[in-house]
Amino acid sequence: MANKLIVLLLRTACGLCFFPNITGATQALDAAKLENGFIAGCLRQDSDCFYQNVQWRDADGYDVRETYLRKLRDLHAVEQARRWLSEAPLCPTARTLEQEPVRFELATLVAERWRSVPTLAQEPGGCLAPAALGLHPGDTLRLRVDARIKARSDSFAAYAVRLPPSYPDRALIVLAPGASKAPVYVDLREEDGRRSGGELRQTHVLLREPSFPAAVIPMLAASTLPSWRTLAQLHRQREDSLLDAEPKLPVFPGLSKRDVVEHALRWLHARVRYGHDRFRDGAVFPEQSVSAMLGGGMADCKGIALLFRAVMKKNGIDAQTVAVSSAGRRPVSWRVPGAWANHVISYVPDLDLYLDAGIPLDIQSKLQGQERFRYEMGLNLATGEFGVIR
C-alpha cells in the first residue's frame, strides 16, 4: 500500500504532500527506488530537481543523501552550474566539525545512460575547480552527495528545510526516524497552513511542485531539543559554568556604561584573537572557560561573547549572548530549534545595544549587511526569546 501511495504521489502535482497516517508502512520504503523514480519523473518533465533523504541515526545526528538534477539549457546555465559546483557545501573533501562527506558522485546523461565524471579537479581547499569541468549546453547534470551529520558532545543535532512558493525545482524530501529511542522533535507546516509536530516516530514524505501555488511556505524542522527555550536554558547554564573567577579581568571605574563597553572591547581584542569554526548550527555551546581563553589567546564567536559577558559582569553590567544567522535567514520553525544560527553576538540590555564582540565597536555599523553582519533577528540565549536586532 505504501509503495502505491508513493507512486501516486510522484505522478501528481500535489504541491507539498505529507502523509502522517501511514505509520510503519512508510518506514519500509525502498529509498533507492523512490529516488530513481523521482529523478526519472524529472527527466520526463525536463525539470530541475532536488532530492533529499534524511535518516535520523540517533541522538548524535543523521545521515543524508542529496541528489541534484540540472538541465544545462544554454551557456548561462553552464556557467551557473560551474559556480554552483565550486561552492563550499558541495566540496567532495569538505569536512567540518559536524559534517563529513561520505560519497560524492557527479554524472552526465549520455544516450539515456548516466556516465560518471571520473576525475574531479580540486582547488587546494577541496572544492571543485569550475573551469576543469567539461560541461556543455544541452547536458543533464546529476550530483549525489552522501554525508554524515554528527553533533558534538557539547551541541545538539538539528535539521531544517523551507520550500518557498518561488522555489524553481521539483523537490522531494524524506525524513525517517532511526532505530534509536532517543527522542527527535519535529515541526511541519503543510502547503495549506496545517501544522503538525511532536516526536519523530514515522517516515515523512514531502513533495514540492513549483507549478502548484502555495498559500504559505511549507517547512520542516527536526531537532534533538524540544524547543528554542530549552536550547537557551542549556546554553546559559553552560556559559554560567565557564564564568570562573578570573582575577585578570579589568575594572573600569567612573566610566559610563557605554564607555565601559568600548574599554572592554579594546581590552578583549588586545588579549584574544578571533578563531572561526564552521558549524551547521552556531548554537553549539562554548567549551573553554574564561581563564582558559585568556591563557590560550584565541576564541571563537561563542567564546568571545562569553569573555565579553565576563568583563561586563565584573563591571556590574549585564551582557547577554544572542544566536543569529549571518545570512539574514529567519528560523524555519519558531517551535523546534532546527538548523538556523551560525554565529553569536552580544546584547547589553541597559544600553539596548547589540554588538559583535569580536569586532571593534567603531566599525560595526560600517559592516552591517556584509558577510556575517546580515542578521536581522536573534535568539536571546539568556531569555529564550526571539527579537529584532536594531
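Here the structure is a predicted model, which means the values were calculated and not measured.

The rules behind these values
- Once a new chain begins, its residue numbering starts again from 1 and follows that chain's sequence as written.
- Per-residue local features of the predicted model are confined to residues with pLDDT of at least 70, and side-chain atom pairs are confined, for both listing and counting, to 80 or more; whole-chain, interface and lining totals are unaffected and use all residues.
- Note that the side-chain values use all heavy atoms of the structure and ignore hydrogens as well as water.
- A run of H or I in DSSP counts as a helix once it spans at least four residues, and a run of E counts as a strand once it spans at least two, with each numbered from the N terminus.
- For this analysis, residues touch if any pair of their heavy atoms sits within 4.5 Å.
- Lines fitted to the C-alpha atoms define the axes, with helices restricted to the stretch that makes contact. Angles between their N-to-C directions range from 0 to 180 degrees.
- To sort the angles, those under 35 degrees are grouped as roughly parallel, those over 145 as roughly antiparallel, those from 65 to 115 as roughly perpendicular, and the leftovers as oblique.
- Each crossing gets its handedness from the near helix: less than a right angle anticlockwise from the far helix is left-handed, clockwise is right-handed.
- Each residue is assigned to one of three groups, with Ala, Val, Leu, Ile, Met, Phe, Trp, Tyr, Cys and Pro labelled nonpolar, Asp, Glu, Lys and Arg labelled charged, and all others, Gly among them, labelled polar.
- The rule is simple: take the accessible area with a 1.4 Å probe, protein chains only, and divide by the maximum for that residue type; under 20% is buried, over 50% is exposed, in between is partly exposed.
- Strands qualify as paired when DSSP identifies two bridges or more between them.
- Expected span of a helix, by definition, is 1.5 Å for each gap between consecutive residues, and there is one gap fewer than residues.
- Grouping buried Ala, Val, Leu, Ile, Met, Phe, Trp, Tyr and Cys residues that are joined through side-chain atoms within 4.5 Å yields what is termed a nonpolar core.
- The quantity known as pLDDT measures the predictor's confidence residue by residue, on a range of 0 to 100.

Across its full length, the protein chain holds eight helices and 18 strands. Restricting to contacts in the protein chain with at least 6 residues of sequence separation, those with at least 24 account for 75%.

This part takes up the packing of helix H5 (residues 257–271) against helix H7 (residues 301–314). The contact between H5 and H7 brings their axes to 10 Å, and the two run at 130°. In terms of orientation, H5 and H7 fall into the oblique class. As H5 runs across H7, the sense of the crossing is right-handed. Between H5, through Val260, Val261, Ala264, Leu265, Trp267 and Leu268, and H7, the contact on the second element is made entirely by Ile304, Leu307, Phe308, Val311 and Met312. Here the residues of the contact of H5 with H7 are counted per class, giving 11 nonpolar, no polar and no charged.

A few words on the pairing of strand E15 (residues 343–348). Counting buried positions along E15 gives six out of six residues, so the element sits mostly inside the fold. Of the two faces of E15, the one carrying His343, Ile345 and Tyr347 and the one carrying Val344, Ser346 and Val348 are both buried. In terms of strand pairing, strand E14 (residues 320–324) meets E15 through five bridges, oriented antiparallel. Within E15, the residue paired with Thr321 across the bridge is Ser346.

With that settled, the discussion passes to the environment of Gly358. Along the polypeptide, Gly358 turns up in the loop between strand E16 (353–355) and helix H8 (361–367). A relative accessible area of 17% means that Gly358 is categorised as buried. Along the primary structure Gly358 and Tyr274 are separated by 84 residues, whereas in three dimensions their C-alpha atoms are 6.4 Å apart.

Strand pairing in a sheet takes place through backbone hydrogen bonds and is either antiparallel or parallel in direction. The seven strands lie next to each other as E4-E3-E5-E2-E1-E7-E10, forming an open sheet whose pairing is mixed. Of all the strands in the sheet, the pair left with one neighbour each is strand E4 (113–116) and strand E10 (204–208). Neighbour-to-neighbour, the strand axes of the sheet open up by a mean angle of 15°, direction not taken into account. In this structure, strand E3 (residues 99–110) lies alongside strand E5 (residues 140–150), joined through nine bridges in antiparallel fashion. By the bridge assignment for E5, Pro101 is matched with Ala147. Helix H2 (residues 31–45) contacts strand E1 (49–58), strand E2 (61–71), E3, E4, E5, strand E7 (170–176) and E10 of the sheet and is inclined by roughly 170° relative to E7. Strands E2, E3 and E5 of the sheet are contacted by helix H3 (residues 75–85), whose axis makes an angle of about 20° with E5.

Time to look at H7. With 14 residues, H7 extends 20 Å from end C-alpha to end C-alpha; this agrees with the ideal 20 Å at 1.5 Å per step. Of all the 14 residues making up H7, 12 are buried; the element is thus mostly covered by neighbouring parts of the structure. Positive backbone phi, at 75°, marks Gly316, one or two positions downstream of H7.

With that settled, consider the sheet that holds E16. Strand order in the open sheet made by the five strands is E16-E15-E14-E17-E18, with antiparallel pairing throughout. Every interior strand has two partners, whereas the edge strands, E16 and strand E18 (386–388), have only one. Across this sheet, the average inter-strand angle for adjacent strands is 35°, counted without regard to direction. Sheet strands touched by H7: E14, E15 and E16. Its angle to E15, the strand with the most contacts, is close to 15°.

Here the focus is the nonpolar core. With 34 residues, the main nonpolar core has Trp56, Leu143, Tyr159, Ile173, Leu175 and Leu220 as its most contacted residues. The biggest single contributor to this core is E5, with five residues. In contact with Leu175, other than residues within four places in its own chain, are Val54, Trp56, Val186, Leu200, Gln202, Thr203, His204, Leu220 and Ala222. In this structure, Leu242, Leu243, Ala310 and Leu361 belong to the second largest nonpolar core, which totals 29 residues.

Backbone geometry follows two general trends: most residues other than glycine have a negative phi, and most peptide bonds adopt the trans configuration. One non-glycine residue, Glu112, adopts positive backbone phi at about 65°. Within the secondary structure, Glu112 sits in the loop between E3 and E4. Owing to a relative accessible area of 78%, Glu112 belongs among the exposed residues under this scheme. At Asp352, a residue that is not glycine, the phi angle is positive and equals roughly 50°. By the secondary structure assignment, Asp352 is in the loop between E15 and E16. Its relative accessible area of 38% is what places Asp352 among the partly exposed residues.

What follows deals with the confidence of the model for the protein chain. Parts of the model with low pLDDT should not have their predicted coordinates read in detail. When pLDDT is averaged across the protein chain, the result is 81; 79% of the residues are at 70 or more. Scored below 50 in pLDDT, residues 1–27 makes 59 contacts in the model with residues more than four places away or belonging to other chains.

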